[in-house]
Amino acid sequence: MNKIIDLRTDTVTQPTAAMLAAMQTATQGDDSRDGDATVIKLEALAATMTGKAAGLYMPSGTMTNLVAVLAHTSRAGEVLLERGAHILNNELGGLSAVAGVYYKALPGSRGAIDETALREAVRPMTRNNFGTSLICMETTHNGAGGTVLPLAHMKMVHALAQQHGIPVHTDGARFFNAAVALDVPASTIAQHTDSVCFCVSKGLSAPVGSVLCGSSAFIERARPFRRMVGGAMRQAGSIAAAGIVALETMIDRLKDDHATARRLAAGLHAIDPRLCDPAGIQTNIVRIDISFTVRNAAQWSAALAQAGIAVSPGDSRSLRFVTHRHIGNNEIDQALTAFSTQFKTI
Ligand SMILES: Cc1ncc(COP(=O)(O)O)c(C=O)c1O
């Protein structure tokens, strides 16, 4: 059989030759003990690019979100999030099970929390209530299909939070996809949040890692929490080196992934307009509705896998396709042919 066309996720991207070369010659300091020059360089670069004072390197996006929640809340109070948030739905309850906070899931549209619901949900601390201790946003929003939060929305959320003395954290696993889609520097988006994390291991193609960015005081508070959850690494320069190359060389090409996603969405729409609305595709994620077909998501992904196309079942009624550096127009066209063939058999 031909090579599998892997559209499950952008985390399957392989490191570039420049990344592998940088990894071989990276400094080998103990990041947890005395610090490592390469890790420090990555953290400084991440901070500069997001317009924050400091950064903290960790192994995964899940860990950066968890450490952000711990550092912002000190294990108390209620966290407000949009109900499709990755932190809520895909991080195995770490928010409550590890960070010890409770949460309220708010309705939203294309990943943006409904403003009225947010205003109603914000609660002050009282004799009988911890109150709201954190508001989380997510951009791009994975569950909503790679949508980009409008800057005006982020500004509104941040202003409301500031008015109540509540910090804001943004899960920006694909933050640079959002910046490329909006055609603004990442710092323009990050000005509307107190902390932000992003992954170098997704479309940016580095093998490992995420960076949490925020004020110096916040990052110093985050450091012991990173250690608590096992995220203090040793000769991490080896992997951080690839992260630096990712930030220096891989951001501009994300627009190619957005273009292939649009091509995929247009092709699927041509097969049946009920599958997806190409106008809604902003970045590299295409979520399609298969609820009107006789197959559920697991059956669809099994059928496509037989044809050499790997996709992620979302819930039982949707499939997720993610474009990335190893997916060009040819792969998209092959995926569309396979999908169309399967579609005609049902
Ligand atoms: C929006 C979002 N946040 C966080 C994560 C978690 O990242 P990781 O897989 O590195 O833990 C992901 C992973 O896909 C994500 O899409």
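Visitor: Please explain helix α11 (residues 237-249) as it appears in this structure.
Guide: Residues lying three or four places apart along an α-helix face the same way, a consequence of the helix completing one turn every 3.6 residues. A rise of 1.5 Å per residue sets the reference length of α11, with its 13 residues, at 18 Å; its end C-alpha atoms lie 18 Å apart and thus fit the reference within 8%. Counting buried positions along α11 gives ten out of 13 residues, so the element sits mostly inside the fold. Regarding α11, the residues found buried are G237, I239, A240, A241, A242, G243, I244, V245, A246 and L247. Elements in contact with the buried residues of α11: α1 (17-24), α2 (37-50), β2 (54-58), α8 (175-182) and β9 (195-199).

Visitor: Explain the domain arrangement of the protein chain to me, please; I cannot follow it from the model alone.
Guide: Buried accessible area, meaning the area lost when the parts come together, often serves as the stated size of an interface. Domain boundaries assigned for the protein chain yield domain 1 (5-11 + 253-344) and domain 2 (17-249). Look at where the C-alpha atoms of domain 1 and domain 2 centre, and you get two points 28 Å apart. Facing 15 residues of domain 1, the contacting portion of domain 2 comprises 18 residues. Across the domain 1/domain 2 interface, buried area totals approximately 1,400 Å², and carbon plus sulfur atoms make up 47% of it. Of all residues in domain 1, the largest losses of buried area upon contact with domain 2 belong to D10, L254 and Q282, amounting jointly to 37% of the total for that side. Where domain 1 meets domain 2, there are one salt bridge. Across the salt bridge formed by D10 and R174, the nearest N and O atoms sit 2.8 Å from each other.

Visitor: Can you help me understand the site of the ligand in this one?
Guide: If you check the shell around the ligand, you find S60, G61, T62, N65, H86, E91, E138, N142, D171, A173, R174 and K202 and nothing else. At a separation of 2.7 Å, a nitrogen atom of the ligand approaches a polar side-chain atom of D171. Separating an oxygen atom of the ligand from a side-chain N or O atom of K202 is a distance of 2.9 Å. Surface burial for the ligand is 84%, taken as the share of its 390 Å² of free accessible area covered by protein chains. Cavity membership is defined here by more than half of the atoms lying within 2 Å of grid points; on that basis the ligand lies in the largest pocket. In terms of residue count, helix α3 (residues 61-73) provides more of the shell around the ligand than any other element does, three residues in total. In terms of residue class, the shell around the ligand is built from one nonpolar, six polar and five charged.

Visitor: Is there a simple way to explain the sheet that holds β2 in this structure?
Guide: Sheet strands associate in pairs through backbone hydrogen bonding, adopting either a parallel or an antiparallel arrangement. In spatial order, the strands read β2-β10-β9-β8-β7-β3-β4; together these seven strands make up an open sheet with mixed pairing. The open sheet terminates on both sides in strands that have one partner only, identified here as β2 and β4 (102-106). Averaged over all neighbouring strand pairs, the angle between strand axes comes to 20°, with direction disregarded. Pairing between strand β7 (residues 132-138) and strand β8 (residues 168-171): four bridges, direction parallel. When the bridges of β8 are listed, E138 appears paired with D171.

Definitions and limits used
Residues numbered from 1 in each chain as written. Predicted model: local features only at pLDDT ≥ 70, side-chain atom pairs only at ≥ 80, totals over all residues. Heavy atoms only, no water. Helix = DSSP H or I, 4+ residues; strand = E, 2+ residues; numbered from the N terminus. Expected span 1.5 Å × (residues − 1). Buried < 20%, exposed > 50% of the residue type's maximum accessible area, 1.4 Å probe, protein only. Contact = heavy atoms within 4.5 Å. Domains from an automatic or database assignment. Buried area = accessible area lost by both parts, 1.4 Å probe. Salt bridge = Lys/Arg side-chain N within 4 Å of Asp/Glu carboxyl O. Near = heavy atom within 4 Å. Polar contact = N/O pair within 3.5 Å; in protein donor to acceptor, adjacent residues only side chain to side chain. Areas by Shrake-Rupley, 256 points an atom, 1.4 Å probe, with all protein chains shown as cover. 1 Å grid on protein atoms, 1.4 Å probe; cavity = no way out; pocket = protein on both sides within 12 Å on 5 of 7 lines; lining within 4 Å. Sits in = over half its atoms within 2 Å of the grid points. Nonpolar A, V, L, I, M, F, W, Y, C, P; charged D, E, K, R; others polar. Pairing = 2+ DSSP bridges. Axes fitted to C-alpha atoms, helices over the stretch in contact; angles between N-to-C directions.

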